[in-house]
Amino acid sequence: MLPRVFVYVDAIARAGSIRKAAEQVHVAASALNRQLLDLEQELGVELFERLPRGMRATAAGELLLAHIRKQEREFELLRSQLDNLRGLRRGHIRITAHETATRELLSRAISAFRTEYPGVSFTVNMGTTARTFDELQDDTVELGLLFNPPSNALLTRLVEVKTPLHAVVAASHPLARRKSLRLSDCLAYPLALTNSSAAGGRNLIEALARQSGHVINPALQTDSFELMGQFARQSGGIFFQLAVGVAAEVARGELVAIPLADPVLARGRLVLLARRGRTLSVPTSRFVHYLAEHMHALV
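Undergrad: So what exactly am I meant to see when it comes to the packing of aromatic side chains here?
TA: Each aromatic ring pair is described using two quantities: the centre-to-centre distance and the angle formed by the ring planes. Taken as a whole, this structure holds seven aromatic pairs when the rule is applied. Ring geometry for Phe225 and Phe239: centres 6.0 Å apart, planes at 85°, overall edge-to-face. Here Phe225, found in helix H9 (residues 225-235), pairs with Phe239, found in strand E10 (residues 238-242); they are 14 residues apart in sequence, far enough to count as distant. Among the residues examined, Phe239 registers a relative accessible area of 0% and is labelled buried. Feature note: the residues Phe113, Tyr117, Phe122, Phe287 and Tyr290 constitute an aromatic cluster, connected by ring pairs.

Below you can see the structure in the form of structure tokens.
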């Protein structure tokens, strides 16, 4: 319902260039640039700085973007309320989550929700903690699902459940028959950790290592769950994951998830986040209840 040129301005800001924005909105780059120039002339201000590596919003551009995104949110809320009057026959929910949370937990919650509300669709982005925080704060998504995220005053925690970390190994690994492990038991084997030290699981592992006087030199650093699984199966390595994140592989007998007994590692939390002060759409509010039920079933 926004003027088309406002949609273009928002696309340019998100993409960082005329060319990339044009590809996303399926308009010729020259036409998109012409629309932007016409709008800047009409408003009497420059909306973007033209930099060697792309476009960056000026102060005037930031003001316009805030107006555009406020209008988008208000229309989304209105449409959500109308959908509710029609019995929630339609709607769209946007989520950014770590891959751990999407593999079983989120897919099951979405499936259960769509059984009752088949007209509601979903967009699910894979994201690091930093990306999830950014997309929540700029309203790219409504919900974020992360393991052990740091505190953020701009976000509110809608649901939070205890989800301890597990050491994950191949079924043939020497530790595979253990009922529980401590981090110190794992240090004799090659370890795989996520790339970012700010990631929830890695943060807990490194905090415990520091407390214990150990230094961790991971053999593999990656945000790819599939690569971690291959690393465990082919290299005898160990990675750290939530039990729900490897449920399918464990059920097939490919991997074994062993609880970690260290108290620090038992303090992990799976957290559902939203931007503080944001009014969630009706479908999203209802989906939160579905997801909360599935999250609490992990405990």
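Resuming the write-up.
Undergrad: Is there a simple way to think about a nonpolar patch on the surface in this case?
TA: A surface patch of nonpolar side chains, about 240 Å² in accessible area, is lined by Phe75, Leu78 and Leu82. With respect to the element layout, Phe75 can be found in helix H4 (residues 59-85). Residue Phe75 is classed as partly exposed on the basis of its relative accessible area of 31%.

Undergrad: What exactly am I supposed to notice about the nonpolar core here?
TA: In a soluble, globular protein the nonpolar side chains are often hidden away together inside. In this structure, Leu145, Phe240, Leu265, Phe287, Leu291 and Met295 are the most contacted members of the largest nonpolar core, which totals 49 residues. Sort the elements by how many residues they give to this core and helix H11 (residues 282-296) lands first, with six residues. If sequence neighbours within four positions are ignored, Leu265 has contacts with Pro164, Leu165, Leu183, Leu204, Ile205, Leu208 and Leu260. Core analysis: the second largest hydrophobic core is formed by 20 residues, Ala15, Leu36, Phe48 and Leu64 among them.

Undergrad: Please clarify how the layout of surface pockets should be interpreted in this entry.
TA: The gaps left among the atoms become clear once a water-sized probe is rolled over them. Roughly 730 Å³ of volume is contained in the largest pocket. Together, 28 residues line the largest pocket, and Leu2, Glu72, Glu76, Arg79 and Arg94 are the ones closest to its centre. Listed by contribution, the elements that provide at least two residues to the lining of the largest pocket are helix H1 (4-15), helix H2 (18-25), H4 and strand E3 (91-97). Among the elements that take part in the lining of the largest pocket, H4 stands out by supplying nine residues, more than any other. Taken together, the residues of the lining of the largest pocket sort by class into seven nonpolar, seven polar and 14 charged.

Undergrad: Explanation requested: the packing of H2 against helix H3 (residues 29-43) in the structure shown.
TA: Two quantities define a packed helix pair, namely the angle between the axes and the distance from one axis to the other. Relative orientation of the contacting elements H2 and H3 amounts to 105°, with a least axis distance of 9 Å. Classified by the angle their axes make, H2 and H3 are roughly perpendicular. Contacts between H2 and H3 involve Ile18, Ala21, Ala22 and Val25 from the former and Ala29, Leu32, Asn33 and Leu36 from the latter.

Undergrad: How should the sheet that holds strand E12 (residues 269-275) be read in this particular structure?
TA: Within a sheet, each strand pairs with its neighbour through backbone hydrogen bonds, oriented either parallel or antiparallel. A sheet is described by the order of its strands in space; here five strands give the open sequence E4-E3-E5-E12-E6, paired in mixed fashion. Each end of this open sheet is capped by a strand with a single partner; those strands are strand E4 (120-126) and strand E6 (155-162). Across the sheet, the mean angle from the axis of one strand to that of its neighbour is 20°, orientation sign disregarded. When E3 meets E4, the two strands line up parallel, connected through seven bridges. Bridging across to E4, Thr96 finds its partner in Asn125. The strands touched by H11 are E3, E4, strand E5 (143-147), E6 and E12; relative to E6, the strand with the most contacts, the crossing angle is about 25°.

Undergrad: Sorry if this is basic, but what is going on with the pattern of salt bridges here?
TA: Two side chains bearing opposite charge may form a pair once their charged atoms approach each other closely. Tallied over the entire structure, the rule returns 20 salt bridges. Of the charged contacts, one joins Glu135 and Arg131 as a salt bridge, the two residues approaching to 2.7 Å between their closest N and O atoms. Linking Glu135 with Arg131, this pair stays in helix H6 (residues 129-137), spanning four residues, or about one helical turn. When the shortest N-O distance is used, the salt bridge between Arg275 and Asp139 registers 2.8 Å. Within this pair, whereas Arg275 is found in strand E12, its partner Asp139 is found in the loop between H6 and E5, the two being separated by 136 residues in sequence. For the pair formed by Arg275 and Asp139, the shared burial category is buried. A network of salt bridges, in which partner residues are shared, links Arg73, Asp139, Glu142, Arg275 and Arg278.

Undergrad: How should the sheet that holds strand E8 (residues 191-193) be read in this particular structure?
TA: Strand order in the open sheet formed by five strands is E9-E8-E10-E7-E11, and the pairing between neighbours is mixed. With partners counted over all chains shown, the strands left at the sheet margins are strand E9 (220-221) and strand E11 (255-259), one partner each. Here two bridges tie E8 to E10, and the two strands are oriented parallel to one another. Along E10, the bridge assignment pairs Ala192 with Phe239. The strands touched by H9 are strand E7 (165-170), E8, E9, E10 and E11; relative to E10, the strand with the most contacts, the crossing angle is about 135°.

Undergrad: Mind showing me how you'd approach the packing of H1 against H2 here?
TA: Following both chains from N to C, one finds H1 and H2 inclined at 125°, their axes separated by 8 Å at the closest point. Between H1 and H2, the angle falls in the class oblique. In this structure, H1 crosses over H2, and the sense of that crossing is right-handed. Contact residues: Tyr8, Ala11, Ile12 and Ala15 in H1; Ile18, Lys20, Ala21, Gln24 and Val25 in H2.

Cut-off values and rules
- Residues numbered from 1 in each chain as written.
- Predicted model: local features only at pLDDT ≥ 70, side-chain atom pairs only at ≥ 80, totals over all residues.
- Heavy atoms only, no water.
- Phe/Tyr/Trp six-rings, centres within 6.5 Å; stacked < 30°, edge-to-face > 60°.
- Helix = DSSP H or I, 4+ residues; strand = E, 2+ residues; numbered from the N terminus.
- Buried < 20%, exposed > 50% of the residue type's maximum accessible area, 1.4 Å probe, protein only.
- Patch = residues over 30% accessible without salt bridge, like charges linked within 9 Å, V, L, I, M, F, W, Y side chains within 5 Å.
- Areas by Shrake-Rupley, 256 points an atom, 1.4 Å probe, with all protein chains shown as cover.
- Salt bridge = Lys/Arg side-chain N within 4 Å of Asp/Glu carboxyl O.
- Core = buried A, V, L, I, M, F, W, Y, C linked by side-chain atoms within 4.5 Å.
- Contact = heavy atoms within 4.5 Å.
- 1 Å grid on protein atoms, 1.4 Å probe; cavity = no way out; pocket = protein on both sides within 12 Å on 5 of 7 lines; lining within 4 Å.
- Points joined across faces, edges and corners; volume = space filled by probe spheres on them.
- Nonpolar A, V, L, I, M, F, W, Y, C, P; charged D, E, K, R; others polar.
- Axes fitted to C-alpha atoms, helices over the stretch in contact; angles between N-to-C directions.
- Parallel < 35°, antiparallel > 145°, perpendicular 65-115°, else oblique.
- Pairing = 2+ DSSP bridges.
- Left-handed = near helix turned anticlockwise from the far one by under 90°.

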